[in-house]
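# Architecture and fold: a report
What follows is the residue order along each chain.
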Amino acid sequence: MYILFDIGGSKTRVAASTDCHEIQGDPIVFDSTGNMEADTKRIAEAANTLVGDHSITAAAGGIAGVLDSKHRTLLRSPNKTEWIGKPLAEHLEKGLGVPVLLENDSDMAGLGEAHKGAGQGYEIVVYVTVSTGIGGGRIVGGMIDAARFGFEPGHQVINPHCRVCPDCPVHNTESGNCPDLEGLASGTAVERRTGRKPYEVTDQDEWHRIACWLALGLNNTIVHWSPDVVVLGGSMVCGTRGSVVSLDEINRHLHELLGIFPTLPDMRRAQLGDFGGLYGAMARLRQGQ
């Protein structure tokens, strides 16, 4: 049996597979904490519950943040600051008793969408998730593209006062610098700006601004990565409660912005929901080291 996991800022998901093509049964989901030892122990306990009398062959999963070059330790993470610099892969391997493949969680979700979701059939897939934060990755030929420190499209700096959204009132006046995309369009940014959870926000002007900012960020991502398709995931785009960002509006803004390429890449919503990272982990295990 193979173990798949996705360590998120709020939830951790653990699943099992017999063949690395389909998830066996229902994943186990629990609340994430700031304690690495406690959470890795719970992953091991969930894994043992899922496999029963079977043995574990290998494991793979994702975590939010920047990993070291060997994919063993977190170097930066917005949600797991207490985990930074600690031997994460070693703890997981000790609990599970098998080798563990670690990747950034957005890379894993993108890999899942490329193999099993909205990115199937495309050679170059860009995946961007817009949720509590904004992350993303580039999948080429069904594999996570090479990078020194991974991909962090949410941390690109953009100017919110552009021709697409000329009346935007948001600017980091304290530092005099333009904020990054995550600081403008993520769920955390919306809550900070409005005092409400994104699904509680009904002000359409707010959603129009978010669509503008995402179009600015996606324009940069498209001209840098030149994908065949952009797959958008996360609760701000694919949520089931309240308003979500309009994909049609993002497309309209992109048509205004992107003049250097003759056509836009296809734009699609993610199909795998909360389990994209688990499907990505299966694909990653099939690819091996």
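Scroll up a little and you will see the structure.
What counts, and where the lines are drawn
Residues numbered from 1 in each chain as written. Predicted model: local features only at pLDDT ≥ 70, side-chain atom pairs only at ≥ 80, totals over all residues. Heavy atoms only, no water. Disulfide = S-S within 2.5 Å. 1 Å grid on protein atoms, 1.4 Å probe; cavity = no way out; pocket = protein on both sides within 12 Å on 5 of 7 lines; lining within 4 Å. Points joined across faces, edges and corners; volume = space filled by probe spheres on them. Helix = DSSP H or I, 4+ residues; strand = E, 2+ residues; numbered from the N terminus. Nonpolar A, V, L, I, M, F, W, Y, C, P; charged D, E, K, R; others polar. Pairing = 2+ DSSP bridges. Contact = heavy atoms within 4.5 Å. Axes fitted to C-alpha atoms, helices over the stretch in contact; angles between N-to-C directions.

For the structure on display, the rule yields 0 disulfides. Among the cysteines around Cys238, which has no disulfide bond, Cys212 carries the closest sulfur, lying 19 Å off.

Summed over the entire model, instances satisfying the criterion amount to 1 cavity of 30 Å³ or more. If you go around the largest cavity, the residues you meet are Val128, Val130, Pro153, Gln156, Leu181, Leu214, Gly217, Leu218, Thr221 and Leu232. Within the residue set of the lining of the largest cavity, elements represented by two or more residues are β8 (124-130) and α6 (204-225). By residue number, the principal contributor to the lining of the largest cavity is α6, which donates 4 residues. For the lining of the largest cavity, the residue count by class is 7 nonpolar, 3 polar and no charged.

Below, the discussion takes up the sheet that holds strand β11 (residues 229-233). Spatially, the 5 strands line up as an open sheet ordered β10-β9-β8-β11-β12, and their pairing is mixed. In the strand order of this sheet, the two ends are held by β10 (143-144) and β12 (266-269), each with one partner. Alignment of β8 against strand β9 (residues 134-140), held across 7 bridges, turns out to be antiparallel. By the bridge assignment for β9, Ile124 is matched with Val140. Most of the contacts of helix α8 (residues 247-257) go to β12, to which it runs at about 160 degrees, and overall it touches β11 and β12.

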